[in-house]
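Listed below, chain by chain, are the residues.
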Amino acid sequence: MGRAFVAGLAVLAALTGCTVQTPDGEGERRSPVHIELPSSTPSPGRTPSGGGTPRSAPPSDDDKPRAAPTPPRVLWSRGDTGRDVRELQARLRQVAWLFEGPTGTYDEPTQRAVSGFQGKRGLPRTGKADAVTWRRLLAMTREPGRWDLYLMGGQPADPPDPRCRSGRVLCIDKTSRTLRWMVDGRTVSTTAVRFGSQGTPTREGVFSVYWKSRDHVSTLYDSPMPYAMFFSGGQAVHFSADFAARGYAGASHGCVNVRDEAAIARLYAQVRNGDKVVVSW
């Protein structure tokens, strides 16, 4: 009966979460039942059965404030000048965002063109040519040539031909496409010029102005030639509205075209019949 009683206690202990104590080392028997009562406070380090995060858990890194992204570096903006601005304008012309210039000055039309280009490609419309905008434009365009950069003039003049260094001279350089008005070796003014096409080239050599005609109209081509200063047959230095509108995209029939009407008006007032004309490469 004693063994059956002990076995019953063991079963009861297993069912109630109790443990049966064996005799200690001295043979004394302890209370056969030890009851563990559930604690109302979870053990340290244990996760509650609800699966929540312990109160002492450290905050997640996602809660930390993040620094704002650094804006791209601005390369050129309104008011900047120089050859790099010319290239920017020439490339904007290639993708039909700019129709004026290049002038070499970051003006209002250039700012509007950059802003439009940026907006079309999902970039912030700042109107400033930053590094990201410039890389995108480079990927879409080709390297502009010299006359792409100076489509509307503004190119620096080459040193004058030695034949221009004395007297009163219209010193015309086909290489740099410039006309210098020189008096006794001193350059009074410089302006951009355009020449004849391959089929109707502007003649080279040393000539002189033999006739001036303020409101001349060509009898051969029926086209206006204001401020005409004739130096070789029907070839003259004169204002060209086509050059003013199209730049070096066009050509004359052999005359020396000037696109700046105010500049040639001043020149016309200073040049006299008999003054020398030098046309050279």
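Refer to the structure above for everything that follows.
Here's a quick rundown of the structure. (Residues numbered from 1 in each chain as written. Predicted model: local features only at pLDDT ≥ 70, side-chain atom pairs only at ≥ 80, totals over all residues. Heavy atoms only, no water.)

Inspection of the sheet shows strand S9 (residues 211–217) paired to strand S10 (residues 224–232) by six bridges, in the antiparallel sense. Directly across from Lys212, in S10, lies its bridge partner Met229. (Pairing = 2+ DSSP bridges. Helix = DSSP H or I, 4+ residues; strand = E, 2+ residues; numbered from the N terminus.)

Put simply, helix H3 (residues 108–120) and helix H4 (residues 131–140) touch, their axes get as near as 11 Å, and they point 85 degrees apart. When the interaxial angle is binned, H3 and H4 end up roughly perpendicular. When H3 is examined against H4, the residues Val114, Phe117 and Gln118 are found in contact with a partner set consisting of Thr133, Arg136, Leu137 and Met140. (Axes fitted to C-alpha atoms, helices over the stretch in contact; angles between N-to-C directions. Parallel < 35°, antiparallel > 145°, perpendicular 65-115°, else oblique. Contact = heavy atoms within 4.5 Å.)

Turning next to the pattern of salt bridges. Pairs can form between side chains of opposite charge once their charged atoms are near each other. Enumeration according to the criterion identifies eleven salt bridges in this entry. For Glu143, the salt bridge identified is with Arg91, shortest N-O distance 3.1 Å. Residue Glu143 is found in the loop between H4 and helix H5 (146–149), and its partner Arg91 is found in helix H2 (residues 83–94); the two are separated by 52 residues along the sequence. Here Glu108 ties to Arg112 by a salt bridge, and the two come within 3.2 Å at their closest N and O atoms. Of the two residues, Glu108 and Arg112 both sit in helix H3, four residues apart, roughly one turn of that helix. Residue Arg112 is classed as partly exposed on the basis of its relative accessible area, which comes to 49%. It is possible to trace a salt-bridge network through shared partners that takes in Arg83, Glu87, Arg91 and Glu143. (Salt bridge = Lys/Arg side-chain N within 4 Å of Asp/Glu carboxyl O. Buried < 20%, exposed > 50% of the residue type's maximum accessible area, 1.4 Å probe, protein only.)

Residues Leu170, Ile172, Met229, Val237 and Val277 are the most contacted members of the largest nonpolar core, which totals 22 residues. The residues touching Met229, leaving out its near neighbours within four places in the chain, are Val209, Trp211, Lys212, Ala236, Val237, Ile264, Leu267, Tyr268 and Val271. If you look at the next biggest cluster of nonpolar residues, it comprises 13 residues, including Val85, Leu98, Ala113 and Trp134. (Core = buried A, V, L, I, M, F, W, Y, C linked by side-chain atoms within 4.5 Å.)

In this section: the sheet that holds S9. Reading across the sheet, the nine strands line up as S8-S13-S5-S6-S7-S12-S11-S10-S9 and stay open at both edges, with mixed pairing between neighbours. Pairing within the sheet leaves two strands with one partner each, and these edge strands are strand S8 (205–208) and S9. If you compare each strand with its neighbour and ignore which way they point, the axes differ by 30 degrees on average. As defined by bridge partners, strand S11 (residues 235–239) adjoins strand S12 (residues 256–258) across three bridges and the pair is classed as parallel. Paired with Val237 across the bridge in S12 is Val256.

A separate point is empty space enclosed by the protein. Scanning the entire structure with this criterion turns up one cavity of 30 Å³ or more. If you add up the space inside the largest cavity, you get close to 40 Å³. Lining of the largest cavity is provided by Ala157, Asp158, Pro159, Pro160, Cys171, Asp173, Thr178 and Arg180. When contributions to the lining of the largest cavity are tallied by element, the ones reaching two or more residues are strand S5 (168–173) and strand S6 (178–183). In terms of residue class, the lining of the largest cavity is made up of four nonpolar, one polar and three charged. (1 Å grid on protein atoms, 1.4 Å probe; cavity = no way out; pocket = protein on both sides within 12 Å on 5 of 7 lines; lining within 4 Å. Points joined across faces, edges and corners; volume = space filled by probe spheres on them. Nonpolar A, V, L, I, M, F, W, Y, C, P; charged D, E, K, R; others polar.)

Between its terminal C-alpha atoms H3 stretches 18 Å, which fits the 18 Å expected from 13 residues at 1.5 Å a residue. Buried within H3 are the following residues: Pro109, Thr110, Ala113, Val114, Ser115, Gly116, Phe117 and Gln118. As for H3, its buried residues are in contact with H2, strand S4 (129–130) and H4. Count one or two residues on from H3 and you reach Gly122, which has phi positive near 75 degrees. (Expected span 1.5 Å × (residues − 1).)

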